[in-house]
Amino acid sequence: MCGIVGYIGNRTAYQIIIKGLQRLEYRGYDSAGIALYDDEVRLYKCKGKVRDLERLTTGHPIGGTVGIGHTRWATHGVPNDINAHPHRSKNGKFVIVHNGIIENFAHLKNELTNRGYTFESETDTEVLANLIESIYLENKVSVEVAVRIALSKVIGAYGLVVFSADEPDMVIGARKGSPLVVGIGEGEYFLASDVTPIVEYTDKIVYLKDEEIAVIRRDNFKLTNIRNDSMTPDITSVDVKIDNIDKGGYDHFMQKEIHEQPMSITDTFRGRVMPDKNTIHLGGISDVLPKLVTAKRIIIVACGTSYHAGLVGEYLIEEFARIPVEVEYASEFRYRNPIISSDDVIIAISQSGETADTLAAIRMAKEQGALILGICNVAGSSISRETNAGVYTHAGPEIGVASTKAFTSQVMVLTMMAFLLGRKRNIILPEQYRALIQELVHVPGYIEQILSHEEEIRNIAAKYKDATNAIYLGRGYLYPVALEGALKLKEISYIHAEGYPAAEMKHGPIALIDQNMPVFVLATRDKYYEKVVNNIQEVKARSGKVIAIVTEGDTTIRRMADDVIEVPTTPEALMPLLTVIPLQIISYHVALMRGCNVDQPRNLAKSVTVE
Ligand code: G6P
């Protein structure tokens, strides 16, 4: 949610910042801006994407070796040129980029208005710029002290970078709630919302912690907290390959990430599932495994696609480990005063590891004594650092806003966890364990097979591209997949789509069915098969169009459905990993055919770091 880049060093800041913003566009892309210092502050910003910003700067001075940039996902104020970041204070002393929400901005704005300040934009960020400036001018303190005092008055969340025209050889970064990382180079420093703009230049990274302030000059980096206590930077070495954050020959990140799934899933279980020894070892949770094995209850908290993975986890863990599982939207869980005890284990699932509601949910549960585990993709992210233990998904950077490979990797982690717990609790017997493990390692090959039919699936997508609504039905393990399929379609193609448990169709949604309604039915051969076949008949009897995802060789449904997509045979517990793939491909192609921007769908952001 909003991408920030800052640079101070000896190179021209402009290129580094623009490239960095492009890498961060997945976080927001409704406006973009840059402020550079080259004898004076030069500020360019506009509604639109980073390429619009590049157009705006063409022919204008873009020199300077210090600068900050921003790509925005609007919270306060509509996306327009004025609300775009960076924001400059009234007397031009400070420029700032900010991610997060200043909750007491109205109060601060009133105070500043009473002291003669006027505001151009509707943003909370401009208030912060002026707050810093007013403290700087009125208290006659240094730039650093002014920033520190201002931040102590702020309620809310921020990841920010600020610099002053009065001290242009210094940039200040600060974080509370919204991520900010510092990259340490040779005589140069980089600041960004995540490591992707930085890894090209250095692998030495400091993840700022809440209420830490980094004061950075070309030859020096000082870390303090908001009370000005000196902090020791924890320098980590990151290993993100630049290829992983490029499109690698594909037209879109989403397409690349769909196709990466055989590999990303393999990376998720590599070194953890040992088919030759029939073992599963999850190093990240091995210390807390006794507590997990004896948990009275597991509560999974997540948002969006990660929530859907959590629902698959519920089916898996309850079936194989017989531990009661509840799955909650983090945003609901955190506010509804849930009953949590020290016997509970909370599992937070989050691709980014930065989702504000998920983070807040685990903080709240931690206070009540529960063991907190994380299933995150981004190493070093806030959730991964605030959990007691966890399992990384190792899916590699996911840039497309619509989550694909992160979902399958999350489901893979939950599958490994369920099998491991089931074995430890002696619910899965050795022979079944062996069989499950052998099947599990075949999943990447099965996904490969499905991907090889992309052309056929694309032709099916073409038939339904003009639909205005769609229904997705599934039962058991495939009910969460129906939800995920519907989410994929609506978020990138803007077709209204809803997922339902297939049996619920009769309780309302069936009223929507007519000859214009495509109904995607997850109908693989499992214990619900006959019932789902009946559901297909019910749709056909009302002239609905059925697109069925079936097990290979199914002739029964082929005779009834309008279109059929086959997936390889595997136990039903592993079917979510296969059946979601054609739904991702359909959504991708429908969106493309409708002329939508699949990697940057309107109104969305990859990482939602505000409530
Ligand atoms: C946003 C993204 C979704 C994602 C959700 C949760 O809404 O657009 O793709 O599933 O946030 O994100 P997380 O990083 O916590 O998995």
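Anything mentioned here points back to the structure above.
For the structure given in this document, a descriptive report is provided here. Bear in mind that the values here come from a model prediction, so they are computed numbers and not experimental data.

The next subject is the overall build of the protein chain. A tally of regular secondary structure across the protein chain gives 20 helices and 26 strands. Its C-alpha atoms give the protein chain principal-axis dimensions of about 80 × 55 × 40 Å. A total of 611 residues make up the protein chain; the buried ones form 62% of that total. When contacts within the protein chain are restricted to residue pairs at least 6 apart in sequence, long-range pairs at least 24 apart make up 71% of them.

So, about the site of the ligand. Taken together, 13 residues sit near the ligand, with S306, S350, Q351, S352 and T355 positioned nearest. For the ligand, an oxygen atom lies 3.0 Å from a polar atom in the backbone of T305. At a separation of 2.6 Å, an oxygen atom of the ligand approaches a polar side-chain atom of S352. Burial of the ligand by the protein amounts to 90% of the accessible area it has alone, namely 390 Å². Sorting elements by how many residues they give to the shell around the ligand places helix α9 (residues 304-321) first, with three residues. Its residues assigned to classes, the shell around the ligand shows four nonpolar, eight polar and one charged.

Remark: helix α7 (residues 261-269) packs on helix α13 (residues 405-424), axes separated minimally by 9 Å, with the N-to-C direction vectors making an angle of 35 degrees. Here the hand of the crossing between α7 and α13 comes out right-handed. Contacts between α7 and α13 pair Q261, S264, I265, T268 and F269 from the former with K405, T408, S409, M412, V413 and M416 from the latter. Per-class residue counts for the contact of α7 with α13 are five nonpolar, five polar and one charged.

Bringing helix α2 (residues 50-57) into the picture now. Considered for burial, the residues of α2 that qualify are V50, L53 and T57. Here the buried residues of α2 occupy an arc of 50 degrees about the axis, which is enough to place them on one side. Elements in contact with the buried residues of α2: α1 (13-24), β2 (31-37), β3 (41-47) and β4 (66-72). Following α2 by one or two positions, G59 has its phi on the positive side, about 85 degrees.

Now for the packing of aromatic side chains. Pairs of aromatic rings are described using the distance from one ring centre to the other and the angle between the two planes. Summed over the entire model, instances satisfying the criterion amount to nine aromatic pairs. When the ring of Y315 is compared with that of Y477, the centres are 5.8 Å apart and the planes differ by 45 degrees; the resulting orientation is tilted. Taken together, the positions of Y315 in helix α9 and Y477 in the loop between β22 (469-474) and α17 (478-493) put the pair 162 residues apart, joining distant regions of the chain. Of the aromatic side chains, those joined through ring pairs into one cluster are Y7, F190 and Y201.

Moving on to the sheet that holds strand β10 (residues 189-192). Strand order in this open sheet of eight strands is β3-β2-β4-β1-β10-β9-β11-β14, and the pairing throughout is antiparallel. Taken across any chain shown, the strands that pair with only one partner, and hence form the sheet edges, are β3 and β14 (235-237). The mean angle between the axes of side-by-side strands here comes to 20 degrees, regardless of whether they run parallel or antiparallel. Note that strand β9 (residues 181-184) and β10 share four bridges and pair antiparallel. Residue pairing across strands places V181 opposite A192, the latter belonging to β10.

Attention now moves to the pattern of salt bridges. What the rule picks out here adds up to 34 salt bridges. In this structure, the salt-bridge partner of E138 is R115, at a minimum N-O distance of 3.1 Å. Of this pair, E138 sits in helix α4 (residues 124-139) while R115 sits in the loop between α3 (105-114) and α4, placing them 23 residues apart in sequence. By relative accessible area, E138 is classed as partly exposed at 45%. Here E260 ties to K256 by a salt bridge, and the two come within 3.2 Å at their closest N and O atoms. Residue class for K256 comes out buried when judged on its relative accessible area of 7%.

As a further point, take the pairing of strand β13 (residues 220-225). Sheet analysis places strand β12 (residues 212-217) next to β13, joined by six bridges and oriented antiparallel. Of the residues in β13, the one forming a bridge with I213 is T224.

Further remarks concern the environment of I213. For I213, the position within the fold is in strand β12. Residue I213 is classed as buried on the basis of its relative accessible area of 2%. In this structure the C-alpha to C-alpha distance between I213 and V378, which are 165 residues apart in sequence, comes to 22 Å. With sequence-adjacent residues up to four places away left out, I213 is seen in contact with R148, L151, I172, G173, A174, K222, L223, T224, N225 and I226.

Procedures and definitions
Residues numbered from 1 in each chain as written. Predicted model: local features only at pLDDT ≥ 70, side-chain atom pairs only at ≥ 80, totals over all residues. Heavy atoms only, no water. Helix = DSSP H or I, 4+ residues; strand = E, 2+ residues; numbered from the N terminus. Buried < 20%, exposed > 50% of the residue type's maximum accessible area, 1.4 Å probe, protein only. Contact = heavy atoms within 4.5 Å. Near = heavy atom within 4 Å. Polar contact = N/O pair within 3.5 Å; in protein donor to acceptor, adjacent residues only side chain to side chain. Areas by Shrake-Rupley, 256 points an atom, 1.4 Å probe, with all protein chains shown as cover. Nonpolar A, V, L, I, M, F, W, Y, C, P; charged D, E, K, R; others polar. Axes fitted to C-alpha atoms, helices over the stretch in contact; angles between N-to-C directions. Left-handed = near helix turned anticlockwise from the far one by under 90°. Arc of directions from axis to C-beta. Phe/Tyr/Trp six-rings, centres within 6.5 Å; stacked < 30°, edge-to-face > 60°. Pairing = 2+ DSSP bridges. Salt bridge = Lys/Arg side-chain N within 4 Å of Asp/Glu carboxyl O.

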